[in-house]
Amino acid sequence: MPTGGPKLSFANGAWLDQLLSLKPSFKLVVDTVYKAALNHVDFQTKAVEVTNEVNQWAETETNGIIKEVLPSGSFDASARLIFTNALYFKGTWTDVSLSFAKQILSQSASKDSNLVFSPPLIHVVLDLIAAGSNGPTQSQVLSLLNSESTDNLNSLSSHLSLVFADCGPTGGPKLSFANGVWVDQSLSFKPSLKEVVDTVYKAALNHVDFRTKVG
C-alpha cells in the first residue's frame, strides 16, 4: 500500500507435528490456494514454545493488535495440526462506520427491524465516488476517509476484491463480492474513470433512463 493510505493484510499459517508430513495434494492447496506458511513443530515436548510461536505470529501479522490466539493450555501432546488465520486492517472504517450507523439508526423507520450494515462495502462505494469526482467533492470524500489520494483508496479496494474472492471448491461456502454503477443513458464516463471502474472495482456499468423510468 502507498504510504499514508489504508492498509490491509491477510495471512494464513499452519503448524504441523514434526513427525508428520502433509499429503502432496493437500500441501499444494495449503501453498497455492491459502498461501499458508507451513511450520514443523514439536507438539509433544514443546507445547509452551509452540504456543508462544503461534501467538508471536499472530502479533506480527496484526501489527501488535492480537497478542494471543492460543491461551496457555490450549492443546496437549495429542495435537498434530493447527491452522491459523489473521486479517489486519488499518484505516478509518471504525470512525466512519460508527458515524453512519448512528445516523442510519436514528432515522430508521422501524426500531424493531434488523439492520445489516457492512463497513467495507460502504467504504468501497465512497471509494468509487472519490474516483469519479474532482475538486471540492473529491477533497471532502478523501477527508472523510482520511486518505491522501484516490490511488490509496483504489489500492485498498483492489486488495479487498482479492481477499473476498471465493476460492472454495464447488459445494463449499460461497462468498460473493460485487460492485455496480448505474449512469444516465445520456452521459458517458471519462476513459480514465471507466478504466478504474472496470479494472480496479470490477463494477458492472449500466446505462439507464433516470428521467422517465425511475419506478
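Just so you know, these numbers come straight off a predicted model, no measurement behind them. As a convention, each chain's residues are numbered from 1 in the sequence order in which they are written. Residues qualify for local features only when their pLDDT is at least 70, as the model is predicted, and side-chain atom pairs are given and counted only at 80 or more; totals for whole chains, interfaces and linings, by contrast, use all residues. Calculation of side-chain values draws on the structure's entire complement of heavy atoms; hydrogens and water are dropped beforehand.

S.K.: Help me understand the overall build of the chain, please; the structure alone is not making it clear to me.
M.R.: Helices and strands together make up the secondary structure of the chain, namely seven helices and five strands. Strands here are runs of E lasting at least two residues and helices are runs of H or I lasting at least four, both read from the DSSP assignment and numbered beginning at the N terminus. For the chain, the succession of helices and strands along the chain, N to C, is β-α-β-α-β-α-α-α-α-β-α-β. Here, two residues are considered to be in contact whenever any of their heavy atoms come within 4.5 Å of each other. Of the contacts formed within the chain by residues at least 6 apart in sequence, a portion of 63% connects residues at least 24 apart. Computed by Shrake-Rupley with a 1.4 Å probe, the accessible areas treat only the displayed protein chains as cover when residues are assessed. Total accessible area on the chain is roughly 13,900 Å²; 56% of this is exposed by carbon and sulfur atoms.

S.K.: Can you help me understand the pairing of strand S4 (residues 179-184) in this one?
M.R.: As a general feature of sheets, a regular strand has side chains that alternate between the two faces. Relative to strand S5 (residues 203-208), S4 runs parallel, the two sharing six bridges. In the sheet register, Asn179 faces S5, and the bridge partner there is Ala203. Looking down the strands as they point away from you, a crossover is right-handed if its path from the first strand over the helix to the second goes clockwise. Each parallel crossover has a hand, and the one from S4 via helix H7 (residues 191-200) to S5 is right-handed. Pairing between strands requires that DSSP locate at least two bridges from one strand to the other.

S.K.: Which parts of the structure should I look at to understand the nonpolar core?
M.R.: One broad rule of soluble globular proteins: the nonpolar side chains tend to lie buried together. Grouped together as the largest cluster of nonpolar side chains are 13 residues, with contacts concentrated most on Trp15, Phe43, Val50, Trp57, Phe75 and Ile82. Where this core is concerned, the elements lending two or more residues are strand S1 (7-17), helix H2 (47-61) and strand S3 (81-90). Considering each element in turn, this core owes the most residues, four residues, to H2. Apart from the residues lying within four places of it in its own chain, the contact partners of Phe43 are Trp15, Leu16, Asp17, Val50, Phe75, Asp76, Ala77, Ala79, Arg80, Leu81 and Ile82. Working definition of a nonpolar core: buried Ala, Val, Leu, Ile, Met, Phe, Trp, Tyr and Cys residues. They are joined through side-chain atoms within 4.5 Å. Type-normalised accessible area, obtained with a 1.4 Å probe on protein chains alone, sets the label of each residue: buried when under 20%, exposed when over 50%, and partly exposed for intermediate values. One finds Leu128, Val181, Leu193 and Val200 within the second-largest nonpolar core, a separate group that totals nine residues.

S.K.: So what exactly am I meant to see when it comes to the confidence of the model for the chain here?
M.R.: When pLDDT is low, close inspection of the predicted coordinates is not appropriate. What pLDDT conveys is the predictor's confidence in a given residue, as a value from 0 to 100. Put simply, the chain has an average pLDDT of 79, and 73% of its residues get 70 or more. Averaged over each element, pLDDT in the chain is lowest for helix H3 (residues 93-107) (64) and highest for strand S2 (residues 36-41) (92).

S.K.: Just to check I follow, could you spell out the packing of aromatic side chains for this structure?
M.R.: The relation between two aromatic rings is expressed through the spacing of the ring centres and the mutual angle of the planes. Aromatic rings from Phe, Tyr and Trp, taking only the six-membered ring of Trp, are treated as a pair when their centres fall within 6.5 Å; an angle between ring planes under 30 degrees marks them as stacked, one over 60 as edge-to-face, and anything in between as tilted. Throughout the structure, instances matching the rule amount to three aromatic pairs. Considering the side-chain rings of Trp15 and Trp57, the 5.6 Å spacing of their centres and the 80 degrees angle between planes classify their relative orientation as edge-to-face. Placement of the pair is Trp15 in strand S1 and Trp57 in helix H2, with a sequence separation of 42 residues. Considered together, Trp15 and Trp57 belong to a single accessibility category, that of buried residues. Centroid distance Phe43 to Phe75: 5.4 Å. Interplanar angle 85 degrees. Geometry classified as edge-to-face. Taken together, the residues span a long stretch of sequence, with Phe43 in the loop between S2 and H2 and Phe75 in the loop between H2 and S3 at a distance of 32 residues. Just as Phe43 is buried, Phe75 falls in that class too.

S.K.: So what exactly am I meant to see when it comes to the side chain of Thr51 here?
M.R.: Looking at where Thr51 falls in the secondary structure, it is placed in helix H2. Counting of polar contacts relies on pairs of N or O atoms within 3.5 Å, with two restrictions inside protein: one atom must be capable of donating a hydrogen and the other of accepting it, and residues adjacent in sequence are counted only when both atoms are side-chain atoms. Engagement of the side chain of Thr51 in a polar contact is seen with the backbone oxygen of Ala47, the distance being 2.9 Å. Apart from residues lying up to four places away in sequence, Thr51 is in contact with Leu70, Pro71 and Phe75.

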